[in-house]
Amino acid sequence: MPSRTVLLAVLLMALGSCLDALPRQSVVRDVLPNGLRLIVAARPGTPLVALDLWVRAGSGHELDSHPGVAHFLEHMAFRGAGARTSSQLDMDAESLGGVLNAGTTRAGAHYHISVPAAHLAEALRLLSDVVVRPTLPEEGMERERQVILDELARMENSVDARLTDALVAQLFPNHAVGRSLLGLRQSVRVMRREDIVSFRARTYHPRNAVLAIAGATDVEGARAAAAEAFGTWAAAGESMDAMPAIPARPPELPEAAWETARGQVAAGAALALPISEPGDYDVVSLLPYLLRQRLSAGQEEAMSLRLERLPNHEVLFATVAGAPETCRAQIGAWKSALEELAGRGPDGEDLAAAATERTRDRLAVLETAEGLARLLAEEELLERQADAERKTGATQRPNGRRLQEILAESLRSGWLAATLVPRAGGPR
Amino acid sequence: MSGLVLLAAILPALLAQGHQEAVCEQFTLPNGSRVVVMEEPWNPLIAIGVVVAAGVGDEGIYGGIGAVAAHASLRGTKHLPAASVARDIARAGDSVVVGREPDCLTYTAVTTRSAFADATYALCQALMHPSLDAEAVAWARGRVVRALEREGADPLATATAAFRNAAFRSAPYGGSLYGTRESLARITAEVVDQWHQAHVTSDRTTFAICGAIDAATVREILTRQLAEFTRRSRGRFEGPKDPERLLEDLTVRRQRPIHTAIVGTGFPGPGVSHSDYPAFLVLATILGGGKASGLFQAFRDEVGIGYEVGAEYPGLLAASYLVGYLELDASKLDDGGRGAKTPQLRERVRSIFARASSVPPTDAELRRAKMYLRGSLLRRTERARDRALWAAWQVGVARAAPELDAFLKTVEQVSAQQVLEAARRYLEKGVDLLILPEARGVPSP
């Protein structure tokens, strides 16, 4: 039987060879004449084809005067587009077997649909109408405002959403990414059509967007259908990424109010990890897995860990609920695990185990056309093409030393925030 | 082979796979377990779905025991300590997942051809000889308690639970899949062991294998690995014995302090084994499935009220229900739900259901609903693990054909008249639902 070290080396070599062979076979990138970046991942094993179009028009691109405008626009895009009314859009999409939907993140807005493969061209035309030709009717503003207020109430039910808002506000107090994705109740109440039109004019351009097509299609067919649907989207503007740079240094971060908290609470901590080299995002994506290895079974079960990508930063969130002293101990254990990783770095065995778990999780996403399209487009949007290619192979040689450097730099700079909120029903 | 190599090895093939029709074969093993093999030679993955037809109707006073037993069964077996089971699972791709549905326990695993026998071995041992000791049961109970807490925190889950309870009262479907804190507290290791012996039996177990493996190989491996799995249940599984519906006129439940309210109406519906099922499924989709559905259009699109708007029609074996709902900012309901707005909303929900009972759907509505169902099912079964579980559930619970196409053809054949008849049969008497935040709550009747 080979020694564990030898076995590990063999495993890592096997991973590397798979990755080297993978992306060039399966993912094709192109740029349409108007500047729209196109990614096609042909995978005929599925009966579906998925489209995901991302625009660099997330909440992080908003001006201070209109928080929530990116999300409001994403809603309004479905209020009528091209020659279709709002209900026709839904009817047309679902009559193809698809569901046309959208989402807003801090880094962008995305519009997506997946349909049985025969309907690719029509699905592209639908998507094109919504993104390129929304009518943004004045009479739809009030209805959508009310829907968003209902969505805000729903978000306020979520402990995780409230913690995330509080933590990003601490980490990025002077930047739009530090605000709530949906905006504030007051800003939603006063949003005007012209605010939306203005934001759209600034951000929705083909050179500011990425379209990914994944699933049962051939590359040439997908390229031709995409060119037909999106070719008329007029190129405009020069500088397309309107998001100001996130400050390189963290602000002064307050202490969490552990001593004064009473009753059941939810606590969260966040560590912002500055990204400066190609491949850093991929390296950092191992962190939740490495941390779980270092937490006890009870801590691991009680704590939720996740990453959120921003331009030039990745933010690691940890949340936990319970009595204040319990939460404090859990967050303390999380921080200790981070410090240990920053001090000693992960060993090869831990890295290999973390990479296995990450591969398993990515596999569950990549098995669907929708998951693959989203991954490719979102990665490209953040201009991490090289990383995106590697992720379609789901693995990269894990770089423990680089991870250690990033972590140490982040902790040294003080990019760590912690806070706590009441467990049920936050304030209005 | 470790999980690391295992998963890495399949990924290039996964992206390069080409589509062909799966070859489906069904057979019964000597011990009575049913097996479905969907041979997909192009697929680098092999997914294993196992359904054990042991439902909430089998739980009696030990509500939640099925979920506890399923989780505990992967914490070590009589032949293998917990660490060995964990190692076998890791070898098989580290992807074994257990689940609880109203009519069955589910187990899924994703692996490759070379590790297939390891994966089935771990699963077979967990089915046949779980150790179910006090430590394993305590651990599993902790997981189930957390699932119960999550369910209680979700307003929509609370709404459907309230309706289930109003509809089925003390009958098995009336409670949570995870029991109650009280029922979980009375579950001991001995009780779990007895329950497992009585209900996790060979004749209630269905395997579905989906991927690059042929039926003869599967038959040989499972026959060998399940040779000791000979215990049988006392009778054929029929779902809960008493699914009789005891509908009340109104249910108002208080919730933990949250910011949203749910207004809805619920009706009884046919179970999946009933001949009305396909027509009712199309009806439910016309009313509340998707953004072009009647409810979504009437509320979110035309009025601009409600973020989550739709209908829920779960696939239950013996009898089911349809709940139409909208979730909105609770502050919009005047006077804590006692003012005029609530009955107006409720009346509008009811009018959408009433219309379905008076006129047949248009051709466009019918076509949209069928295509929506088709697309939804294709998405739901896009991953091999989901296809396997679907096939196992179809055969083991619904006693229907395992092929997706067979189900889609049944849906395709539903006529507008059948939809109208289904609406008239089931939508006669509804139950109004109102879920309010605690601070604004009206005391429960």
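Not measured: the values here are computed from a predicted model.

Asker: So what exactly am I meant to see when it comes to the overall build of chain A here?
Answerer: Counting its secondary structure elements, chain A contains 17 helices and 12 strands. A burial count over chain A gives 60% of its 428 residues as buried. A total accessible area of about 16000 Å² is found for chain A, and carbon and sulfur atoms account for 53% of it.

Asker: Looking at this model, I keep getting lost on the overall build of chain B. Mind explaining?
Answerer: Helix and strand counts for chain B stand at 16 helices and 11 strands. A total of 445 residues make up chain B; the buried ones form 62% of that total. For chain B, long-range pairs separated by at least 24 residues make up 82% of all intrachain contacts whose partners lie at least 6 apart in sequence. Carbon and sulfur atoms make up 51% of the accessible area of chain B, which totals about 16600 Å².

Asker: What's the story with the sheet that holds strand E9 (residues 265-274) of chain A in this structure? I'm lost.
Answerer: Hydrogen bonding along the main chain pairs the strands of a sheet, whether they run parallel or antiparallel. Residues and elements named next belong to chain A. With antiparallel pairing, 4 strands are arranged side by side in an open sheet as E10-E11-E9-E12. Of all the strands in the sheet, just strand E10 (304-310) and strand E12 (416-422) have a single pairing partner and so form its edges. Across this sheet, the average inter-strand angle for adjacent strands is 20°, counted without regard to direction. Judged from the 10 bridges that link them, E9 and strand E11 (residues 313-322) form a sheet pairing that is antiparallel. Each bridged residue has a counterpart across the sheet, and for Ala269 the counterpart in E11 is Ala318. Across the face of the sheet, helix H6 (residues 159-171) comes into contact with E9, E10, E11 and E12 while running at roughly 140° to E12.

Asker: What is the right way to look at the packing of aromatic side chains in this model?
Answerer: The geometry of an aromatic ring pair is captured by the separation of the ring centres together with the interplanar angle, meaning the angle of the planes. Residues and elements named next belong to chain B. On inspection of all chains with the given rule, the structure shows 9 aromatic pairs over all chains. On the numbers, 5.2 Å between centres and 80° between planes, the contact of Trp390 with Phe407 is edge-to-face. Separated by 17 residues along the polypeptide, Trp390 in helix H14 (residues 384-396) and Phe407 in helix H15 (residues 404-412) bring together distant segments of the chain. These aromatic residues form a ring-pair network of at least three members: Tyr277, Phe280, Tyr313 and Tyr426. For the cation-ring pair, Arg219 lies above Phe27, with the distance from its terminal atom to the ring centre recorded as 4.1 Å. The cationic tip of Arg368 hangs over the ring face of Tyr372; the distance from NZ or CZ to the ring centre is 5.5 Å.

Asker: Looking at this structure, I do not really get the pairing of strand E7 (residues 109-116) of chain A. What am I missing?
Answerer: In regular strands, side chains alternate between the two faces of the sheet. All names here are of chain A. Extensive coverage of E7 is indicated by the burial of 8 of its 8 residues. Relative to E7, strand E3 (residues 48-55) runs antiparallel, the two being bridged by 8 bridges. If you follow Ala50 over to E7, its bridge partner there is Ser114.

Asker: Explain helix H9 (residues 215-225) of chain B here, please?
Answerer: Residue and element names in this part refer to chain B. Taken together, the buried positions of H9 are Ala215, Thr217, Val218, Ile221, Leu222 and Gln225. Projected down its long axis, H9 carries its buried residues within an arc of 155°, all on one side. In this structure, H9 carries Ala216 and Arg224 as exposed residues pointing more than 90 degrees from its buried face. Buried positions along H9 lie against strand E1 (23-28), strand E2 (34-39), helix H4 (116-128) and strand E6 (205-211).

Asker: Explanation requested: the environment of Gln330(A) in the structure shown.
Answerer: Residue and element names in this part refer to chain A. Along the chain, Gln330 turns up in helix H13 (residues 324-344). Judged by its relative accessible area of 12%, Gln330 is buried. In this structure, the C-alpha to C-alpha distance between Gln330 and Glu300, residues 30 residues apart in sequence, is 9.3 Å. Every residue in contact with Gln330, bar those within four places of it in the chain, is listed here: Gln299, Ala302, Met303 and Val320.

Asker: Could you clarify how one ought to interpret the sheet that holds E2(B) in this entry?
Answerer: Residues and elements named next belong to chain B. Here we have 6 strands laid out as an open sheet, ordered E1-E2-E6-E3-E5-E4, and mixed in their pairing. A single partner strand is all that each edge strand has here, and the edge strands are E1 and strand E4 (97-101). When strand polarity is set aside, the average angle formed by the axes of neighbouring strands in this sheet is 15°. Both E1 and E2 contribute to a ladder of 6 bridges, which runs antiparallel. Bridging across to E2, Cys24 finds its partner in Met38. Contacts from H14 reach E1, E2, strand E3 (46-52), E4, strand E5 (104-111) and E6, with the element oriented near 30° to E3.

Asker: Explain the environment of Ile46(B) here, please?
Answerer: Residues and elements named next belong to chain B. In this structure, Ile46 sits in strand E3. Exposure remark for Ile46: the relative accessible area of 0% places this residue in the buried category. Dropping the residues within four chain positions of it, Ile46 is found in contact with Ala109, Val110, Thr111, Thr112, Arg113, Phe116, Ile209, Cys210, Gly211, Ala212 and Ile213.

Asker: Help me understand H6(A), please; the structure alone is not making it clear to me.
Answerer: Given 3.6 residues per helical turn, the α-helix brings residues three or four places apart onto the same face. Residues and elements named next belong to chain A. Helix length check: H6, at 13 residues, gives a terminal C-alpha distance of 18 Å against a target of 18 Å (1.5 Å per residue), a fit within 8%. Of all the positions in H6, only Ala161, Arg162, Leu163, Thr164, Leu167, Val168, Gln170 and Leu171 are classed as buried. Of the surrounding elements, those touching the buried residues of H6 are helix H5 (138-157), E9, E10, E11 and E12.

Asker: Help me understand the pairing of strand E9 (residues 308-312) of chain B in this model?
Answerer: Residues and elements named next belong to chain B. Both E9 and strand E10 (residues 319-329) contribute to a ladder of 5 bridges, which runs antiparallel. In the sheet register, Gly310 faces E10, and the bridge partner there is Tyr325. If you look at the hairpin formed by E9 and E10, you'll find 6 residues sitting between the two strands.

Asker: I'm lost on the confidence of the model for chain A in this one. Help?
Answerer: Atom-level detail of predicted coordinates should not be read off regions where pLDDT is low. Residue and element names in this part refer to chain A. When pLDDT is averaged across chain A, the result is 86; 87% of the residues are at 70 or more. Here residues 1-25 is modelled with pLDDT under 50, and outside its nearest four sequence neighbours on either side it reaches 30 contacts, counting other chains as well. Predicted confidence is poor over residues 385-390, with pLDDT under 50, and the contacts of this stretch with residues over four places away or in other chains come to 17 contacts.

Asker: Just checking my understanding: could you explain the nonpolar core for this structure?
Answerer: Soluble, globular proteins show a tendency: their nonpolar side chains are buried together. In this structure, Val282(B), Phe299(B), Leu326(B) and Leu427(B) are the most contacted members of the largest nonpolar core, which totals 86 residues. Top contributing element to this core by residue count: helix H10 (residues 277-288) of chain B, with 9 residues. Residues within four places of Leu427(B) in sequence aside, it is in contact with Phe267(B), Phe280(B), Leu283(B), Leu287(B), Leu322(B), Phe353(B), Ala356(B) and Ser357(B). Membership of the second largest hydrophobic core comes to 55 residues, among which are Leu120(A), Leu127(A), Met141(A) and Met191(A).

Asker: How should the confidence of the model for chain B be read in this particular structure?
Answerer: Residue and element names in this part refer to chain B. Confidence in the prediction of chain B, expressed as mean pLDDT, is 85, and 84% of residues score 70 or more. Looking at the elements of chain B, mean pLDDT is at its lowest for helix H1 (residues 3-16), recorded as 46, and at its highest for H10, recorded as 98. Every residue in residues 14-19 is under pLDDT 50, and counting partners more than four places away or in other chains gives 22 contacts. Contacts of residues 440-445 to residues separated by more than four positions or lying in other chains number 15 contacts, the stretch itself having pLDDT below 50. Prediction confidence for the complex, expressed as pTM and ipTM, is 0.89 and 0.88 respectively.

Asker: Explain unusual backbone geometry to me, please; I cannot follow it from the model alone.
Answerer: Most peptide bonds take the trans form, and the phi angle of most residues other than glycine is negative. Residues and elements named next belong to chain B. Of note in the backbone geometry, Leu132 takes a positive phi value of approximately 45° without being a glycine. Considering the arrangement of structural elements, one finds Leu132 in the loop between H4 and helix H5 (134-153). Overall, Leu132 belongs to the buried group, its relative accessible area being 3%. Positive phi outside glycine occurs at Arg399, with the angle close to 50°. Looking at the element boundaries, Arg399 is found in the loop between H14 and H15. Note on Arg399: relative accessible area 34%, which makes it partly exposed.

Asker: Hey, could you run me through the side chain of Asp90(A) in this one?
Answerer: Mapping Asp90(A) onto the fold places it in helix H3 (residues 86-95). Put simply, Asp90(A) is tucked away with no salt bridge, and the nearest opposite charge, on Lys291(B), sits 4.0 Å away. In terms of polar contacts, Asp90(A) uses its side chain to reach the side chain of Gln297(B), at 3.3 Å.

Asker: Explanation requested: the side chain of Arg106(A) in the structure shown.
Answerer: All names here are of chain A. Residue position: Arg106 is located in the loop between strand E6 (101-104) and E7. A relative accessible area of 3% means that Arg106 is categorised as buried. Separated by 3.1 Å, the side chain of Arg106 and the backbone oxygen of Arg179 make a polar contact. Among the polar contacts made by the side chain of Arg106, one reaches the side chain of Glu308 at a distance of 2.5 Å. Those residues within four positions of Arg106 in sequence are excluded, and the remaining contacts are Gly58, Ser59, Gly60, His61, Thr164, Val168, Val177, Arg179, Leu181, Met243, Glu308 and Leu310.

About the thresholds
- Every chain begins its residue count from 1, and numbering advances along the sequence as written.
- Think of it this way: whatever chain is written first is A, whatever ligand is written first is 1, and the rest follow in order.
- Reporting of local features is limited, given that this is a predicted model, to residues whose pLDDT is at least 70; pairs of side-chain atoms are given and counted only at 80 or more, and all residues count toward the totals for whole chains, interfaces and linings.
- Side-chain descriptors were evaluated using all non-hydrogen atoms of the structure, hydrogens and water having been removed beforehand.
- To qualify as a helix, a DSSP run of H or I must reach at least 4 residues; to qualify as a strand, a run of E must reach at least 2; elements of each kind are numbered from the N terminus.
- Relative accessibility decides the category of a residue: with a 1.4 Å probe and only protein chains considered, values under 20% of the type maximum give buried, values over 50% give exposed, and everything between is partly exposed.
- Using a 1.4 Å probe, accessible areas were evaluated by the Shrake-Rupley method; residue-level cover was limited to the displayed protein chains.
- Contacts are residue-level and defined by heavy atoms, with any inter-residue pair within 4.5 Å sufficient.
- Only when DSSP finds a minimum of two bridges between them are two strands counted as paired.
- Axes, fitted as lines to C-alpha atoms, cover a helix only where it is in contact. Angles between the N-to-C directions of the axes lie from 0 to 180 degrees.
- Classification of ring pairs uses Phe, Tyr and Trp, with its six-membered ring standing for Trp, and accepts pairs whose centres are within 6.5 Å; under 30 degrees between planes counts as stacked, over 60 as edge-to-face, and the remaining range as tilted.
- In this scheme, the term charge over a ring applies when either NZ of a lysine or CZ of an arginine sits within 6 Å of the ring centre and within 35 degrees of the ring normal.
- This arc describes the spread of directions from the helix axis toward the C-beta atoms.
- In a helix, the anticipated span is given by 1.5 Å times the number of residues less one.
- On a range of 0 to 100, pLDDT expresses the predictor's confidence in each residue.
- Joining through side-chain atoms within 4.5 Å is the link that ties buried Ala, Val, Leu, Ile, Met, Phe, Trp, Tyr and Cys residues into a set, and such a set is a nonpolar core.
- Charged residues are defined here as Lys and Arg on the positive side and Asp and Glu on the negative side; His and the ends of the chain fall outside this count.
- By salt bridge we mean one thing: a side-chain nitrogen of Lys or Arg within 4 Å of a carboxyl oxygen of Asp or Glu.
- For the purposes of these results, a polar contact is taken to be a pair of N or O atoms within 3.5 Å, where, inside protein, one atom must be able to donate a hydrogen and its partner to accept one; residues adjacent in sequence count only when each atom of the pair is a side-chain atom.

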